[in-house]
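Observations on the three-dimensional arrangement
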Amino acid sequence: MPLTDSKTNKMIQDYSIEQLKERANYMRGLNLIALCSAASGHSGGTLGLMDVCTALYLKIARHNPGDPSWQDRDRIIWSAGHKAPALYVSLAMSGYFPEKDLMTLRMLGSPFQGHPHRKDLQGVEISSGSLGQGFSVGVGIALAAKLDKKDYSVFVISSDGEHQEGSIWEAAMAGAHYKLDNLVLILDRNRLQIDGDTENVMSIDPITDKYRAFGWHVLEVDGHDMVDIVDKLDFARNFNDTGKPVALICNTIKGKGVSFMEDVVGWHGKPPSREEMEQGLKELGLTDQFDVEALLAIGRDYQAEVEAKLALKLPRFSRDFWWNNSDKMKVKMDPTRKGFGRALDKYGDDERIVCIGADISGSITISQFYENHPERKDRWISLGVAEQNCTTVAVGLAKEGKIPVFGTYGVFASARNLDQLRVSVCYGDYNVLIVGAHGGISVGPDGATHQELESLFQMTGLPNMQVGVPCDSIETEKMTKTFLFAVVGPKYLRFAREATPIVTKEDSPFQFGKANIFRLRREAEDMVDAFDICLASEHKNENEKLTIISCGPETPEALRAAWILKTDFGIETRVINMHTVKPLDKEAIVRAAAETGAILTAEEHQVGGLGNLVAATLCRQPSLWDKSLRFDMIGVQDRFGESGKPWQLIKEFGVAAEHIADKAKTLLKL
């Protein structure tokens, strides 16, 4: 019984099969417009799953938009959180909020995060995005229903690529073991993931036989035949007291309904342009169904409001010092991840190097290892969405003399596999390079689940682990080469996703474990020419009044802060680029404290990842115990990230140069 009044237990609205078909088509169009408005998000999978979503939310599941917390509602758990736009469209069609609200998808402050967050939006049961976790949550909810003697059903929406995660099979085993016949798995089987066909990336077949072997009742569903979908969902919804959970293998086409998106790998995490969106609406027969301009204007107006609020929150100085807004101090932008890819392309001929892919290879540029070098393809091992397995497979390779490189998003490279890193990599002390891409808040609209803000706590706490956080793409290339050939043992490389300023040159000094010092000499046409760079050990004291210690792409922000402080207050600043966070260049830190008397750390990370290490170094140095020292930290203040444009998030989370300079004003009592 769908869309049920929780007080009277009467149906609010029912839909015929033809009406469901019409709604599914309409929802596809609304989905396209929302993605276009966001200029970000997942098109292919959301379009492919829309028929199933329509049937589930409008026909099968028992829920009430007027009472979202109704205890007897069915629970719909989105384990495949990247398909959030389909969830949001389904909630809008069910009546949880006006459909026009969807135009703020993935925008800063919007409840429609890149991956769903339960605290932001009624109707969202769990916060998800890290693949493989929602299924286990569903098992827990189904167990709770049994304990409380409730008759609600638990539907878990999962993807086929997600089934490469080991935790999926732990959940499948538990669901059958506890005879959870109130649990329904909806597997969106579109056979595509980011790196290609699931059969080639990491086969999950024979998936139906596997679930049967695990003790599930399994049904295959034509994911685009509304009659079949409704029949199978209805069967599963009422399949109680049998002692078996139900798995619905829904065969779908990624990008369904839009010819140029259908069954195309490249439309996984890509939004349509205005022209592509309009072409899609035309193919769906919806050209006259939407006032597209009015809907897109909602998103534009919302973004304008966000920008205005951020402008008011940003500390102000004598002029606009923002990147490339002045006639001088220009910078070129390049993603730090590109430096990683370039290094693998250049130095991958060494037969010892083996690269391990985890389904986001192009995004983090690890695929450049083989893209221009087909002869290296046998040293490319694709293991799919399986970070724990990737990490320990790398250990096996290292044990036999290989130099394994495993990379994925930083949240999964440093946290999901933390026990494997601790025991197999670090305790075993193996020569494994772990790459954490997409570090920092500037990851952008994917939101909190994909914004890595904690890895420095985790990685620097592991014995034997060495940690590098290069400041720009040039330094990332140098650090990658160093990690491949000069540094032996466990090592972790952290870099960002978005384009960030290039502030070093090919001939800039770089030595692992030794910090660099930047000193502003003048305003120059290009910022990279405005600073002198030297190894910290070679720097001679210039009686600077402040030291800013930073790492990663936050270092360019520290340099811009030094420019602001010099221009507006005449303050000379020593900027330390701590590109090697472990082992830390303690000598550079202690000298800076003794010579400048004021230390400010800055990091695009939870505050203290770098700052606590610096503070501990200072507090444990006997030569500083009798000296006066001012100290503070800039970083993300104990909060999770949000969706938004990268530079908006730098401002919102208080890690822009203006925030560094403002903190310095307080520290120095200006």
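Shown above is the structure to which this text applies.
Let me begin by describing the structure that accompanies this report. (Residues numbered from 1 in each chain as written. Predicted model: local features only at pLDDT ≥ 70, side-chain atom pairs only at ≥ 80, totals over all residues. Heavy atoms only, no water.)

So, about the overall build of the protein chain. Tallying secondary structure elements over the protein chain gives 22 helices and 22 strands in all. Taking 26 Å as the expected radius of gyration for a compact globule of 670 residues, we find that the protein chain reaches 26 Å, a close match to that expectation. Principal axes of the C-alpha set define a box for the protein chain whose edges measure 80 × 60 × 50 Å. Looking at the protein chain residue by residue over its 670 residues, the buried ones come to 62%. Here the protein chain displays about 24,900 Å² of accessible surface, and carbon together with sulfur accounts for 49% of that area. (Helix = DSSP H or I, 4+ residues; strand = E, 2+ residues; numbered from the N terminus. Rg over C-alpha atoms; globule rule 2.2 N^0.38 Å. Buried < 20%, exposed > 50% of the residue type's maximum accessible area, 1.4 Å probe, protein only. Areas by Shrake-Rupley, 256 points an atom, 1.4 Å probe, with all protein chains shown as cover.)

What follows covers the sheet that holds strand 1 (residues 75-78). Strand order across the open sheet formed by 5 strands is 1-2-3-7-6, with parallel pairing between neighbours. Sheet topology places strand 1 and strand 6 (217-222) at the edges, where each strand pairs with a single neighbour. Geometrically, the sheet is characterised by an average inter-axis angle of 20 degrees between neighbouring strands, direction not taken into account. Both strand 6 and strand 7 (residues 246-251) contribute to a ladder of 6 bridges, which runs parallel. Bridged to aspartate 222 within strand 7 is asparagine 251. The strands that helix 8 (residues 226-237) touches are strand 2 (154-159), strand 3 (183-189), strand 6 and strand 7; relative to strand 6, the one it contacts most, it runs at about 160 degrees. (Pairing = 2+ DSSP bridges. Axes fitted to C-alpha atoms, helices over the stretch in contact; angles between N-to-C directions. Contact = heavy atoms within 4.5 Å.)

This part covers the pattern of salt bridges. Counted according to the given criterion, the structure contains 48 salt bridges. Aspartate 446 is the partner of arginine 106 in a salt bridge, and the nearest nitrogen-oxygen pair spans 2.9 Å. Here aspartate 446 lies in the loop between strand 12 (433-437) and helix 16 (455-460) and arginine 106 lies in the loop between helix 3 (84-94) and helix 4 (134-147), a separation of 340 residues in the sequence. According to the relative accessible area criterion, aspartate 446 is buried, its value standing at 15%. Two residues, aspartate 632 and lysine 663, come together in a salt bridge whose shortest N-O distance is 3.6 Å. Of this pair, aspartate 632 sits in strand 22 (residues 630-636) while lysine 663 sits in helix 22 (residues 657-667), placing them 31 residues apart in sequence. On the basis of relative accessible area, aspartate 632 is assigned to the partly exposed category, the value being 27%. Overlapping salt bridges bring together Arg519, Arg521, Asp532, Glu542, Glu544, Lys566, Glu572, Arg574, Arg591 and Glu595 as one network. (Salt bridge = Lys/Arg side-chain N within 4 Å of Asp/Glu carboxyl O.)

For glutamate 351, the position within the fold is in the loop between helix 11 (336-347) and strand 9 (353-357). Note on glutamate 351: relative accessible area 55%, which makes it exposed. Residues glutamate 351 and isoleucine 403, spaced 52 residues apart in sequence, show a C-alpha to C-alpha distance of 8.9 Å. In terms of polar contacts, glutamate 351 uses its side chain to reach the side chain of arginine 379, at 3.5 Å. (Polar contact = N/O pair within 3.5 Å; in protein donor to acceptor, adjacent residues only side chain to side chain.)

A few words on the sheet that holds strand 19 (residues 573-577). Across the sheet, 6 strands lie side by side as 17-16-19-18-21-22; this open sheet has mixed pairing. Looking at which strands have only one partner, the edges of the open sheet turn out to be strand 17 (531-535) and strand 22. On average, adjacent strands in this sheet sit at an angle of 20 degrees to one another, irrespective of strand direction. Strand direction decides the pairing type here: strand 18 (residues 546-550) and strand 19, joined by 5 bridges, are parallel. Bridged to serine 550 within strand 19 is asparagine 577.

The final tally for this structure, using the stated rule, is 18 aromatic pairs. With a centroid separation of 5.2 Å and an interplanar angle of 50 degrees, the aromatic rings of tryptophan 169 and phenylalanine 214 are classed as tilted. With tryptophan 169 in helix 5 (residues 166-177) and phenylalanine 214 in the loop between helix 7 (207-213) and strand 6, the pair connects residues that are 45 residues apart, well separated along the chain. For phenylalanine 214, a relative accessible area of 30% corresponds to the partly exposed category. Arranged with centres 4.9 Å apart and planes meeting at 35 degrees, the rings of phenylalanine 235 and phenylalanine 239 form a pair that is tilted. Joined through ring pairs, the aromatic side chains of Phe135, Trp169, Tyr211, Phe214 and Trp216 make up one cluster. Geometry around tyrosine 26 places arginine 23 over its ring, the cationic atom sitting 4.4 Å from the centre. In this structure, arginine 639 is placed above the aromatic ring of phenylalanine 653, and the distance from its NZ or CZ to the ring centre is 3.8 Å. (Phe/Tyr/Trp six-rings, centres within 6.5 Å; stacked < 30°, edge-to-face > 60°. Lys NZ or Arg CZ within 6 Å of the ring centre and 35° of its normal.)

What follows concerns helix 4. Its 14 residues place the ends of helix 4 20 Å apart at the C-alpha level, agreeing with the 20 Å of an ideal helix rising 1.5 Å per residue. For helix 4, every residue scored as buried is listed here: Gly134, Phe135, Gly138, Val139, Ile141, Ala142 and Ala145. For helix 4, the angular spread of buried residues about the axis comes to 165 degrees, placing them on one side. For helix 4, the secondary structure elements touched by its buried residues are strand 1, strand 2, helix 5, strand 3 and helix 7. At the exit of helix 4 stands lysine 149, carrying a positive phi of roughly 55 degrees. (Expected span 1.5 Å × (residues − 1). Arc of directions from axis to C-beta.)

Right, let's talk about a negative patch on the surface for a bit. Among the surface-exposed residues, Asp222, Asp225, Asp231 and Asp234 lie close enough to one another that they form a single negatively charged patch. Tracing the backbone shows aspartate 234 in helix 8. (Patch = residues over 30% accessible without salt bridge, like charges linked within 9 Å, V, L, I, M, F, W, Y side chains within 5 Å. Lys, Arg positive; Asp, Glu negative; His and termini not counted. Charge placed at Lys NZ, Arg CZ, Asp CG, Glu CD.)

The buried fraction of strand 9 is high, at 5 of 5 residues. Both faces of strand 9 are covered, namely the face carrying Ile353, Cys355 and Gly357 and the face carrying Val354 and Ile356. Sheet topology note: the strand 9/strand 11 (residues 403-409) ladder contains 4 bridges and is parallel. By the bridge assignment, isoleucine 353 is partnered in strand 11 with isoleucine 403. Sheet topology places strand 9 next to strand 10 (residues 380-382); 3 bridges connect them, and they run parallel. Across the sheet, residue isoleucine 356 finds its bridge partner in strand 10, namely isoleucine 381.

For the rest of this paragraph, the subject is the side chain of lysine 83. Summarising the element assignment, lysine 83 is placed in the loop between strand 1 and helix 3. Excluding anything up to four places from it in sequence, lysine 83 contacts Gly45, Thr46, Leu49, Trp78, Ser159, Asp188 and Asn190.

At a minimum axis distance of 10 Å, the contact between helix 1 (residues 17-38) and helix 8 shows a crossing angle of 110 degrees. Judged by the angle between their axes, helix 1 and helix 8 are roughly perpendicular. Residues Ile17, Leu20, Lys21 and Ala24 of helix 1 pack against Met226, Val227 and Val230 of helix 8. For the contact of helix 1 with helix 8, the class distribution of residues is 6 nonpolar, no polar and 1 charged. (Parallel < 35°, antiparallel > 145°, perpendicular 65-115°, else oblique. Nonpolar A, V, L, I, M, F, W, Y, C, P; charged D, E, K, R; others polar.)

Any functional reading would require information beyond the geometric quantities listed.
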